[in-house]
Amino acid sequence: MFNYIGGVMFENLLKDARNIQIKDPAAKNILYVIFLYPGFHILIWHKLAHFFYKVHLYFLARLLSQLARLLTGIEIHPGAKIGKRLFIDHGMGVVIGETAEVGDDCTIYHNVTLGGTGKDKNKRHSTLGNNVMVGAGAKVLGPILIGNNVKIGANAVVLKEVKDNTTVVGIPAKEVVRR
């Protein structure tokens, strides 16, 4: 059974690496991604930390996430749920909170925060749908839902739900395009 789980995890990590290679024109080949991309390294660390979090080994989970933060500059709480094929480009300064959820095929640029407002209990962080792009420096705060195929502009501050197929920009973020 453990070999099956390990094999599936390895296969999913390989898909993550291939996705990064496809999305980033600077990635010369898959070995570049595997050895040189902190956005890929954090996915490995997070999968391990998230496993320990789910089996209630919280201290070990947090220890791994803090080591990963030290090594990559990216902080993903071990409780956060991360979908398939996440691409964290550059990554420095990315923070993803404990109750955040990130859908499949999302792209997150540097200095992005998926954080809380300090006003909420239980679910405190945002949920990103599938195929969401969050621009550099954007802040998505509170237990809000960001729909599928959404684009969030650089440095936007998103405090309210965003419907599917929408682009938002500004402080506070406002809709500029709906496809």
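Above this text sits the structure in question.
Residues numbered from 1 in each chain as written. Predicted model: local features only at pLDDT ≥ 70, side-chain atom pairs only at ≥ 80, totals over all residues. Heavy atoms only, no water.

Colleague: Would you explain the sheet that holds strand E10 (residues 139-141) in this entry?
Modeller: Across a sheet, strands are paired by hydrogen bonds formed along the backbone, either parallel or antiparallel in direction. Ordered by their spatial adjacency, 5 strands build an open sheet running E1-E4-E7-E10-E13, and the pairing between neighbours is parallel. One side of each edge strand has no neighbouring strand; the edge strands of this open sheet are strand E1 (75-76) and strand E13 (157-158). Bridge analysis of E1 against strand E4 (residues 95-96) gives 2 bridges, and the strand direction is parallel. Bridging from a neighbouring strand, Ile-76 pairs with Ile-96 of E4. (Pairing = 2+ DSSP bridges. Helix = DSSP H or I, 4+ residues; strand = E, 2+ residues; numbered from the N terminus.)

Colleague: Which parts of the structure should I look at to understand helix H3 (residues 38-54)?
Modeller: Residues that lie three or four places apart on an α-helix share one face, since the helix turns once every 3.6 residues. If you check H3, its first and last C-alpha atoms are 24 Å apart, about what 17 residues at 1.5 Å a residue would give, namely 24 Å. The complete set of buried residues in H3 reads Gly-39, Phe-40, Ile-42, Leu-43, His-46, Ala-49, His-50 and Tyr-53. In the stretch just after H3, His-56 is the one whose phi turns positive, near 65 degrees. (Expected span 1.5 Å × (residues − 1). Buried < 20%, exposed > 50% of the residue type's maximum accessible area, 1.4 Å probe, protein only.)

Colleague: Which parts of the structure should I look at to understand the environment of Val-95?
Modeller: Looking at the secondary structure, you find Val-95 in strand E4. A relative accessible area of 29% means that Val-95 is categorised as partly exposed. For the pair Val-95 and Ile-152, spaced 57 residues apart in sequence, the C-alpha to C-alpha distance is 16 Å. When residues no more than four places from it in sequence are discounted, the contact partners of Val-95 are Glu-75, Val-112, Thr-113 and Leu-114. (Contact = heavy atoms within 4.5 Å.)

Colleague: Honestly, the sheet that holds strand E5 (residues 101-102) in this entry has me stumped. Any pointers?
Modeller: The strand order across the open sheet formed by 4 strands is E2-E5-E8-E11, and the pairing between neighbours is parallel. The open sheet has two edge strands, strand E2 (81-82) and strand E11 (145-146), and neither has a second partner.

Colleague: What's the story with the pattern of salt bridges in this structure? I'm lost.
Modeller: When their charged atoms lie close together, side chains carrying opposite charge are able to pair. Inspection of the entire model under this criterion finds 7 salt bridges. Notably, a salt bridge pairs Glu-11 with Lys-15, separated by 3.6 Å at the nearest N-O pair. Of this pair, Glu-11 and Lys-15 both sit in helix H1 (residues 2-23), 4 residues apart, which is roughly one turn of that helix. With a relative accessible area of 45%, Glu-11 lands in the partly exposed category. (Salt bridge = Lys/Arg side-chain N within 4 Å of Asp/Glu carboxyl O.)

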